[in-house]
Amino acid sequence: MLTHPHVGNFIKARSRPRINFLAGWQYLFQPEYRKLTHHRWRDEGKVWITIQILGSILGMGLSGMFAAFAVMAVWTLI
């Protein structure tokens, strides 16, 4: 896409990492996602990596709570 490497490096240095709150589940169950994540983390700072890990843990906890509430609601209705 980009023919000039210095332009790509500038965009790469200025872009913020995406925060994906389902990433924790993807990281656990998809080896390809895990490999891509490790590759992406080589170029990022430790602060952003920590934020992504904490966001993933938070997302896993929240989705687990929602699933638990759904199971309790179904259990109550049965």
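Residues take numbers from 1 onward in each chain, read along the sequence in its written order. In view of the model being predicted, local features appear only for residues whose pLDDT reaches at least 70, and side-chain atom pairs are presented and counted only at 80 or more, with totals across whole chains, interfaces and linings using the full set of residues. Only heavy atoms go into the side-chain values, all of them from the structure, while hydrogens and water stay out.

Colleague: Would you mind going over the overall build of the protein in detail, with residue names and values included?
Modeller: Where helices and strands are cited, they refer to DSSP runs of H or I of at least four residues and of E of at least two residues respectively, numbered from the N terminus. When you go through the protein residue by residue, the secondary structure sums to four helices and zero strands. Listing the helices and strands of the protein from first to last along the sequence gives α-α-α-α. Relative accessibility decides the category of a residue: with a 1.4 Å probe and only protein chains considered, values under 20% of the type maximum give buried, values over 50% give exposed, and everything between is partly exposed. Taking all 78 residues of the protein together, the buried fraction comes to 14%. We call two residues contacting when some pair of their heavy atoms lies within 4.5 Å. Summarising the internal contacts of the protein: among those between residues at least 6 apart in sequence, 56% fall at separations of at least 24. Surface accessibility in these figures is a Shrake-Rupley result with a 1.4 Å probe; residues are shielded only by whichever protein chains are displayed. Entry remark: accessible area of the protein is about 6,800 Å², with carbon and sulfur atoms responsible for 71%.

Colleague: Describe in detail a nonpolar patch on the surface, supporting the description with residues and values.
Modeller: Patches here are clusters of residues that have more than 30% relative accessible area and form no salt bridge, with a 9 Å joining cutoff for like charges and a 5 Å cutoff for nonpolar side chains (Val, Leu, Ile, Met, Phe, Trp, Tyr). Note on definitions: salt bridges are taken to be side-chain nitrogens of Lys or Arg within 4 Å of carboxyl oxygens of Asp or Glu. Taken together, the side chains of L58, L62, M65, F66, F69 and M72 define a hydrophobic patch exposed on the protein surface, amounting to about 620 Å² of accessible area. Relative to the helices and strands, F66 is located in helix α4 (residues 46–77).

Colleague: Describe in detail the pattern of salt bridges, supporting the description with residues and values.
Modeller: Under the criterion given, the structure shown has two salt bridges. For E32, the salt bridge identified is with K35, shortest N-O distance 3.8 Å. Taken together, the positions of E32 and K35, both in helix α3 (residues 31–41) and three residues apart, correspond to about one turn of that helix. Measuring nitrogen to oxygen at the nearest pair gives 3.4 Å for the salt bridge that ties E44 to R40. In this structure R40 comes out as partly exposed when scored by relative accessible area, which is 29%.

Colleague: Please give an account of the environment of G61 that cites residues and values.
Modeller: You can see G61 is positioned in helix α4. Overall, G61 belongs to the partly exposed group, its relative accessible area being 37%. G61 sits 37 residues away from G24 along the chain, and the two C-alpha atoms are 9.6 Å apart.

Colleague: So what's going on with α3? Residues and values would help.
Modeller: Among all positions in α3, only Y33, T37 and W41 are buried. Seen end-on, α3 carries its buried residues on one side only, within an arc spanning 70°. Facing away from the buried side of α3 by over 90 degrees, the exposed positions are P31 and K35. Buried residues belonging to α3 abut α2 (23–29) and α4. By construction, the arc corresponds to the directions joining the helix axis to the C-beta atoms.

Colleague: Outline the packing of aromatic side chains, listing residues and values.
Modeller: Classification of ring pairs uses Phe, Tyr and Trp, with its six-membered ring standing for Trp, and accepts pairs whose centres are within 6.5 Å; under 30 degrees between planes counts as stacked, over 60 as edge-to-face, and the remaining range as tilted. Enumeration over the complete set of coordinates arrives at two aromatic pairs. For a ring to carry a charge above it, either NZ of a lysine or CZ of an arginine must fall within 6 Å of the ring centroid while also lying within 35 degrees of the normal to the ring plane. One Lys or Arg, R34, reaches over the ring of Y27 and ends 5.8 Å from the middle of that ring.

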